[in-house]
Amino acid sequence: MIATDTSESLIRLEQIYKFHFTDTLQTAALNGLDLTIKSGEFVSIMGPSGSGKSTLLNILGMIDKCTRGQYYFKGQAINALSKRKVADLRKSNISFVFQSFNLIDELTSFENVELPLIYQGVSRQERRARTEAALAELEMLHRRDHYPAQLSGGQQQRVAIARAIVTKPTLILADEPTGNLDSENSRIVMEKLQELHKNGSTIVMVTHAQSDANYAQRTVELFDGNILMTEQEYAAL
Ligand code: ADP
Ligand code: MG
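Parameters and conventions
- Residues numbered from 1 in each chain as written.
- Chains lettered and ligands numbered in written order.
- Predicted model: local features only at pLDDT ≥ 70, side-chain atom pairs only at ≥ 80, totals over all residues.
- Heavy atoms only, no water.
- Helix = DSSP H or I, 4+ residues; strand = E, 2+ residues; numbered from the N terminus.
- Contact = heavy atoms within 4.5 Å.
- Areas by Shrake-Rupley, 256 points an atom, 1.4 Å probe, with all protein chains shown as cover.
- Lys, Arg positive; Asp, Glu negative; His and termini not counted.
- Charge placed at Lys NZ, Arg CZ, Asp CG, Glu CD.
- Axes fitted to C-alpha atoms, helices over the stretch in contact; angles between N-to-C directions.
- Parallel < 35°, antiparallel > 145°, perpendicular 65-115°, else oblique.
- Left-handed = near helix turned anticlockwise from the far one by under 90°.
- Nonpolar A, V, L, I, M, F, W, Y, C, P; charged D, E, K, R; others polar.
- Buried < 20%, exposed > 50% of the residue type's maximum accessible area, 1.4 Å probe, protein only.
- Near = heavy atom within 4 Å.
- Polar contact = N/O pair within 3.5 Å; in protein donor to acceptor, adjacent residues only side chain to side chain.

Trainee: Whenever I open this one, the overall build of the protein confuses me. Can you help?
Mentor: For the protein, the helix and strand inventory stands at eight helices and 10 strands. Within the protein, counting contacts between residues at least 6 apart in sequence, those at least 24 apart form 71% of the total. Of the roughly 12,400 Å² of accessible surface on the protein, a fraction of 48% belongs to carbon and sulfur atoms. Here the protein holds 25 positive side-chain charges and 28 negative ones, and the gap between their average locations is 8 Å.

Below, the structure written as structure tokens:
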């Protein structure tokens, strides 16, 4: 076991197991996984379908709980916290970007981006300024009153990224953010994530595309709910 300085780690997972139970079946989606992510890192997660990538992201994002193991966020043990405390921690620190954009159909671009600020209890005046700034940053201010159905996929994902950054999150989690985009829009999304990373955001991104993973500083390979080691890591054992 290599001793690591965990003082600056934003995320530390220790021996994480996640079992999914159905009537007839128990699936181990994560199988004793250890992972440390430092503040400011840009990490990509790759691996075959069913290897546990989304499960891992949902646990990191505190929208799902591990069955066994410890998750430390900023040094704080998540499993020991009440549901409400976890929800508060999530709201003030974590944003998601999804493959299918997940905008609310009945809300305009502006209203979609504003929503997390409403949940945070930000004043109307500040909400307006920050929402407009986030839309402008993604070059979507001219579509502020459009509904998702009136936007292209690339535009919807830009609104979704504006929604993700409007809260100035500590951690951005992206689950195949370019999965539904053409190559030009994929490039725009990846360059935006890279820029956010350069400005200090911590980003964990699931992807199938090596071209996307190349934007990250390192890649974590999952297989059957655990991390595959690199050749260098095997060599260092
Ligand atoms: P990936 O994102 O890498 O494709 P997932 O994390 O979605 O993988 O799934 C990992 C494993 O857990 C798969 O075998 C999948 O079938 C199973 N699984 C995921 N979610 C559930 C669920 N809600 N109920 C039962 N099994 C699930
Ligand atoms: Mg998945």
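Back to the text.
Trainee: Which parts of the structure should I look at to understand the packing of helix α3 (residues 109-119) against helix α4 (residues 124-137)?
Mentor: When two helices pack together, their arrangement is captured by the angle between the axes and the distance separating the axes. Running from N to C, α3 and α4 point in directions that differ by 125 degrees, and their axes come no closer than 9 Å. Compared by their axis directions, α3 and α4 come out oblique. Here α3 and α4 pass one another in a crossing that is right-handed. Note on element contacts: α4 touches α3 through Arg 127, Arg 128, Arg 130, Thr 131, Glu 132, Ala 134 and Leu 135, opposite Ser 109, Phe 110, Val 113, Glu 114, Leu 117 and Ile 118. Within the contact of α3 with α4, the residues separate by chemical class into six nonpolar, two polar and five charged.

Trainee: What is the right way to read the environment of Phe 223 from this model?
Mentor: Relative to the helices and strands, Phe 223 resides in strand β9 (residues 218-223). A relative accessible area of 44% places Phe 223 in the partly exposed class. The sequence separation of Phe 223 and Pro 48 amounts to 175 residues, and the corresponding C-alpha distance is 6.9 Å. Filtering out sequence-adjacent residues up to four positions away, Phe 223 remains in contact with Pro 48, Ser 51 and Leu 228.

Trainee: Looking at this structure, how should I read the site of ligand 1?
Mentor: Taken together, the residues surrounding ligand 1 are His 20, Thr 27, Ala 29, Pro 48, Ser 49, Gly 50, Ser 51, Gly 52, Lys 53, Ser 54 and Thr 55. Residue Gly 50 places a main-chain N or O atom 2.7 Å away from an oxygen atom belonging to ligand 1. Taking Ser 51, its main chain carries an N or O atom lying 3.2 Å from an oxygen atom of ligand 1. Burial of ligand 1 by the protein chains amounts to 60% of its free accessible area of 560 Å². Looking at the shell around ligand 1, the elements that each hand over two or more residues are β2 (26-38) and α1 (53-60). For the shell around ligand 1, the leading source of residues is α1, giving three residues.

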